[in-house]
Amino acid sequence: MNTQLLTTRPGVRRSSRGAANPFKGQHRRRLLRADLLTVLFWASLAGAVALWLADGGAAGFRTPAGSFTALGIVAGLAGMDLVLLMLLLAARIPIIDQTVGHDRALEFHRKLGKPALYLLLAHGILIAIGYGMAEGLDPVSESVALWVLVPDMWLAYISTLLLIAVVVTSLVAVRRRFPYEFWYAVHLLTYAAVLTSLPHQFSVGGLFAEGTWQRWYWLALCIATGAALLYYRVVQPLVATFRHQLTVKRVVREAPGVVSIEMTGLHLDQLAGSGGRFFIWRFLAPGLWWHPHPFSLSAEPVQFDASGQGTLRITVRNLGRGSAQLASLKPGTKVAVEGPYGLFSTSARSRSRVVMVGAGIGITPIRALLESTPFQPGNATVILRGHSESELYLGAEIFELCRRRGATLFHLTGSRPAGVRTWQPENSERAGHRLASYIPNVAEADVYVCGPSGWAQNVLEDARSAGVREDQLHYERFDW
């Protein structure tokens, strides 16, 4: 069958316009947090320049040489501020993650890379021109002189080269040529670039001289950024790993190339309510311990008894060498965990109605979200997409959850039509249907989409055309 309404539960379909919306308050608070973060972003840039002006920076514009130098300083301050903001966006800070989502934070992180690099390159060029004009040297000769004669300046040159390497490897065309591990290792150079850029800022000239506001501002910003990275990227994952004591219980084959990994651990009730949010897993087995895997839960944690013992599950598809090895995990393998991350959960809800659309392995976080997110019978719709029934992973569990909770379930199976931008299967018995054909009141719902990128974009476009607003669209990206 290509398209079939599988289950509904009798109940009154009340319009969300006439019913109280329990998610209205949390939605407003999330929007306020987003506005606050935006203000802080621009305030950090403005503050860096304002403090420089307050310490007499404007005096540099009195001469042509001083003007070039002053512009170079402003470019350097702005560039360094953006680099630190990039690090904060990648630090997995809860307020950022729970406001904009982990994937969008990393997307903004990547977008800041080029402006930050251009500003820092402009900083070096303008400084070389300004100093050279003051000393009667051309920019190249002045750059060589700075490298040779000025303490710590060689570190600044190395910092620039490291940042160039990071930005170049971040380009999509370049990233696809190398495995994830190579790209990840190169990206760690960002931390080395920041560390090598700091000494010359405090030792060269009087920019951050003792007693200036700038010195205290940049010291505080650098220390806060380093502390956030250390705590959220190192300390917190270690604490979670030791606290929960996760161990592989068994590996269950769900379909060809798809397995579920069940794990036992302690205090797993503290991970409940995560819905489709993802964790980063490291399976501490030979050849696997160094490889991070970003997988969502496919079932909410279950508590065994009062002693704190419980179980949880992830479902994994063979999409590469790393994930293929997980099918051979042995019971008793220890697991390190980070998270949860992302906004694919109830915390992103803004409406009483909810629509969940999943394809392929993207069905598994839909299953976890369906299990945990609250809704009244008749106020939820689930659409599963696969080439065949066998690719509707965990379909029997989702069917039972929909039956028990009063959600409407659709299965859409069949191959994708060639050369057509659609998320529907080819030769569908409901050809020409749109998202609104399945859910007439979809504009009044939160829409969660999880699946391959191109397919998901088609679903999102269909939802927008049906009147769904951007803040009601929640998309789990697969390109972490």
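Heads up: these notes are all about the structure in this document.

Parameters and conventions
- Residues numbered from 1 in each chain as written.
- Predicted model: local features only at pLDDT ≥ 70, side-chain atom pairs only at ≥ 80, totals over all residues.
- Heavy atoms only, no water.
- Helix = DSSP H or I, 4+ residues; strand = E, 2+ residues; numbered from the N terminus.
- Buried < 20%, exposed > 50% of the residue type's maximum accessible area, 1.4 Å probe, protein only.
- Contact = heavy atoms within 4.5 Å.
- Areas by Shrake-Rupley, 256 points an atom, 1.4 Å probe, with all protein chains shown as cover.
- Pairing = 2+ DSSP bridges.
- Axes fitted to C-alpha atoms, helices over the stretch in contact; angles between N-to-C directions.
- Patch = residues over 30% accessible without salt bridge, like charges linked within 9 Å, V, L, I, M, F, W, Y side chains within 5 Å.
- Salt bridge = Lys/Arg side-chain N within 4 Å of Asp/Glu carboxyl O.
- Expected span 1.5 Å × (residues − 1).
- Bend = angle between axes of the 7 residues up to and from the residue.
- Lys, Arg positive; Asp, Glu negative; His and termini not counted.
- Parallel < 35°, antiparallel > 145°, perpendicular 65-115°, else oblique.
- Left-handed = near helix turned anticlockwise from the far one by under 90°.
- Nonpolar A, V, L, I, M, F, W, Y, C, P; charged D, E, K, R; others polar.
- Phe/Tyr/Trp six-rings, centres within 6.5 Å; stacked < 30°, edge-to-face > 60°.
- Lys NZ or Arg CZ within 6 Å of the ring centre and 35° of its normal.

1. Section: the overall build of the chain
Looking only at helices and strands, the chain has 15 helices and 12 strands in total. A burial count over the chain gives 50% of its 480 residues as buried. Within the chain, contacts between residues separated by at least 24 positions form 75% of all contacts whose residues are at least 6 apart in sequence. When the accessible surface of the chain is totalled, it reaches about 22,300 Å², and 63% of it is carbon and sulfur.

2. Quick look at the sheet that holds strand S4 (residues 278–283)
The 6 strands are arranged S2-S3-S6-S5-S4-S7 in a closed barrel whose pairing can be described as antiparallel. Taken over all neighbouring pairs, the strand axes of this sheet differ in orientation by 40° on average, direction set aside. When strand S2 (residues 246–255) meets strand S3 (residues 258–266), the two strands line up antiparallel, connected through 7 bridges. The partner of valine 248 across the bridge, within S3, is methionine 263.

3. Structural notes on a nonpolar patch on the surface
Where nonpolar side chains cluster on the molecular surface, the patch consists of Leu230, Tyr231, Val234, Val235, Leu238, Val239 and Phe242 and spans about 650 Å² of accessible area. In this fold, valine 239 is placed in helix H10 (residues 213–244). The partly exposed category is assigned to valine 239, whose relative accessible area is 48%.

4. A closer look at helix H4 (residues 102–135)
Given a rise of 1.5 Å per residue, 34 residues ought to cover 50 Å, and the 49 Å separating the end C-alpha atoms of H4 matches this to within 8%. At glycine 113, H4 shows its strongest bend, of approximately 25°, with the proline proline 115 following within four residues. Looking at the residues trailing H4, positive phi occurs at glycine 136, about 75°.

5. Describing the side chain of glutamate 142
Following the sequence through the fold, glutamate 142 ends up in helix H5 (residues 139–149). Comment: no salt bridge for buried glutamate 142; closest opposite-charge side chain is arginine 62, at 21 Å.

6. Side note on the packing of helix H2 (residues 64–89) against H4
Closest axis-to-axis distance for the H2/H4 pair is 7 Å, and the angle between their directions is 160°. Classified by the interaxial angle, the pair formed by H2 and H4 is roughly antiparallel. The way H2 lies across H4 gives a crossing that is left-handed. Residues of the contact of H2 with H4, tallied by class, amount to 28 nonpolar, 8 polar and no charged.

7. Quick notes on the pattern of salt bridges
Under the defined criterion, the tally for this structure stands at 14 salt bridges. Where glutamate 444 meets arginine 353, a salt bridge forms, and the shortest distance between an N and an O atom there is 3.8 Å. Remark: arginine 353 occurs in strand S8 (residues 353–359) and glutamate 444 occurs in the loop between helix H14 (435–438) and strand S11 (445–450); sequence separation between them is 91 residues. With its nearest N and O atoms 3.2 Å apart, the salt bridge here joins arginine 434 to aspartate 462. In this pair, arginine 434 is assigned in the loop between strand S10 (408–413) and H14 and aspartate 462 in helix H15 (residues 453–465), connecting sequence segments 28 residues apart. On the basis of relative accessible area, aspartate 462 is assigned to the buried category, the value being 4%. Salt bridges linked by common partners bring Arg313, Arg367, Glu371 and Glu397 together as one network.

8. Thoughts on the packing of aromatic side chains
The tally for this structure, following the rule as stated, stands at 10 aromatic pairs. Centre to centre, the rings of phenylalanine 41 and tryptophan 42 are 5.0 Å apart; their planes meet at 75°, and the pair counts as edge-to-face. Residue phenylalanine 41 is classed as buried on the basis of its relative accessible area of 13%. Judged by its relative accessible area of 54%, tryptophan 42 is exposed. Taken together, a centroid distance of 6.3 Å and an interplanar angle of 80° make the contact between tryptophan 52 and phenylalanine 61 edge-to-face. Phenylalanine 61 sits in the partly exposed class, given a relative accessible area of 39%. The structure contains a cluster of three or more aromatic residues connected by ring pairs, namely Phe41, Trp42 and Phe108. When the ring centre of phenylalanine 375 is taken as origin, the NZ or CZ atom of arginine 405, which lies over that ring, is 4.0 Å away.

9. Here we look at H2
Here H2 contains 26 residues, and its C-alpha end-to-end distance of 38 Å stays within 8% of the 38 Å for a straight helix at 1.5 Å per residue. In terms of residue burial, H2 counts as a mostly covered element, since 22 of its 26 residues are buried.

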